[in-house]
Amino acid sequence: MAASMELRLDNLPSDPLLLIFSFLDFRDLLHCSYVNRRLNELSGHNPLWKNLCSKHWLLTDVDRQQRGVSWLSLFRLYYSDLGRYLQHYSVLKRAWEQLKDFLLQRCPRMIASLKGCKPGRPAEKYDFITKVGIEIKRNKGDQSLK
């Protein structure tokens, strides 16, 4: 009886297919969506695209909730805008975040200048940055800040 049963993709349960899909790159996942309706539905599974969004774009649930879209839509949105930088984006974003943290601790006025603040017109958060700058200047001799 087992020999007469035809092995088809439609007969496989969803969980093993989703596990297989979790190892695919986003291009392969999109190609699977063109095979048939069932694979199209499975390839749009939110956790698959959440992993890809966090891997390539370093996006979190907060980012998705702010946009109010699915993970697949969010991936498409970022890919349409920044797709050509896909291989370098996560490295650049991490480096930028580290630079911002460093500058906020060491040179808060530089952060204000990067935000486009003019000396006569401080930004909304400039008061906070000024207070942090004063605190850093006050503790300038402290070795723990270096």
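Here the structure is a predicted model, which is why all the values come from computation and not from measurement.

Caption draft 1: Here's a closer look at the overall build of the protein chain. When you go through the protein chain residue by residue, the secondary structure sums to nine helices and zero strands. Sorting the 146 residues of the protein chain into buried and exposed places 25% on the buried side. Pairs at least 24 residues apart make up 43% of the contacts formed inside the protein chain by residues separated by at least 6 positions. Accessible surface, the protein chain: about 11200 Å² in total, of which carbon and sulfur atoms supply 56%.

Caption draft 2: Geometry of the pattern of salt bridges. In total, this model carries three salt bridges according to the counting rule given. Asp61 is the salt-bridge partner of Lys50, the closest N and O atoms lying 3.5 Å from each other. Here the residue Lys50 occupies a position in helix 4 (residues 46–56), and Asp61 occupies one in helix 5 (residues 61–67), the gap between them amounting to eleven residues. A relative accessible area of 34% places Lys50 in the partly exposed class.

Caption draft 3: Looking closely at helix 6 (residues 71–82). Over its twelve residues, helix 6 runs 16 Å from end to end, which matches the ideal 16 Å to within 8%, given 1.5 Å per residue. Among all positions in helix 6, only Trp71, Leu72, Leu74, Phe75, Tyr78 and Leu82 are buried. End-on, the buried residues of helix 6 take up no more than an arc of 160 degrees, which puts them together on one face. Among the exposed residues of helix 6, those pointing more than 90 degrees away from its buried face are Arg76, Ser80 and Asp81. In this structure, the buried side of helix 6 is in contact with helix 2 (26–32), helix 4, helix 5 and helix 7 (86–106).

Caption draft 4: Representation of the nonpolar core. Core analysis: the biggest nonpolar cluster contains 22 residues, and Phe21, Trp49, Trp57, Leu59, Phe75 and Tyr78 have the highest contact counts within it. Top contributing element to this core by residue count: helix 6, with six residues. In contact with Phe21, other than residues within four places in its own chain, are Leu29, Cys32, Leu39, Leu42, Ser43 and Leu48.

Caption draft 5: Here's a closer look at the packing of helix 4 against helix 6. At a minimum axis separation of 8 Å, helix 4 and helix 6 run at an interaxial angle of 35 degrees. Where helix 4 crosses over helix 6, the two elements pack in a sense that is left-handed. In this structure, helix 4 contributes Asn46, Trp49, Lys50, Leu52, Cys53 and His56 to the contact, and helix 6 contributes Trp71, Leu72, Leu74 and Phe75. In the contact of helix 4 with helix 6, the residues fall into seven nonpolar, two polar and one charged.

Caption draft 6: Region of the structure containing the side chain of His56. Within the fold, His56 resides in helix 4. Its relative accessible area of 11% is what places His56 among the buried residues.

Caption draft 7: A look at the environment of Lys93. One can find Lys93 in helix 7. Sequence separation between Lys93 and Leu58 is 35 residues, and the spatial gap between their C-alpha atoms is 8.0 Å. The residues touching Lys93, leaving out its near neighbours within four places in the chain, are Trp57 and Leu58.

Caption draft 8: Region of the structure containing the environment of Ser33. Mapped onto the secondary structure, Ser33 falls in the loop between helix 2 and helix 3 (37–43). Among the residues examined, Ser33 registers a relative accessible area of 14% and is labelled buried. C-alpha separation for the pair Ser33 and Gly44, spaced eleven residues apart in sequence, amounts to 7.8 Å. Polar side-chain contacts of Ser33 include one of 2.4 Å to the backbone oxygen of Leu30.

What counts, and where the lines are drawn
Residues numbered from 1 in each chain as written. Predicted model: local features only at pLDDT ≥ 70, side-chain atom pairs only at ≥ 80, totals over all residues. Heavy atoms only, no water. Helix = DSSP H or I, 4+ residues; strand = E, 2+ residues; numbered from the N terminus. Buried < 20%, exposed > 50% of the residue type's maximum accessible area, 1.4 Å probe, protein only. Contact = heavy atoms within 4.5 Å. Areas by Shrake-Rupley, 256 points an atom, 1.4 Å probe, with all protein chains shown as cover. Salt bridge = Lys/Arg side-chain N within 4 Å of Asp/Glu carboxyl O. Expected span 1.5 Å × (residues − 1). Arc of directions from axis to C-beta. Core = buried A, V, L, I, M, F, W, Y, C linked by side-chain atoms within 4.5 Å. Axes fitted to C-alpha atoms, helices over the stretch in contact; angles between N-to-C directions. Left-handed = near helix turned anticlockwise from the far one by under 90°. Nonpolar A, V, L, I, M, F, W, Y, C, P; charged D, E, K, R; others polar. Polar contact = N/O pair within 3.5 Å; in protein donor to acceptor, adjacent residues only side chain to side chain.

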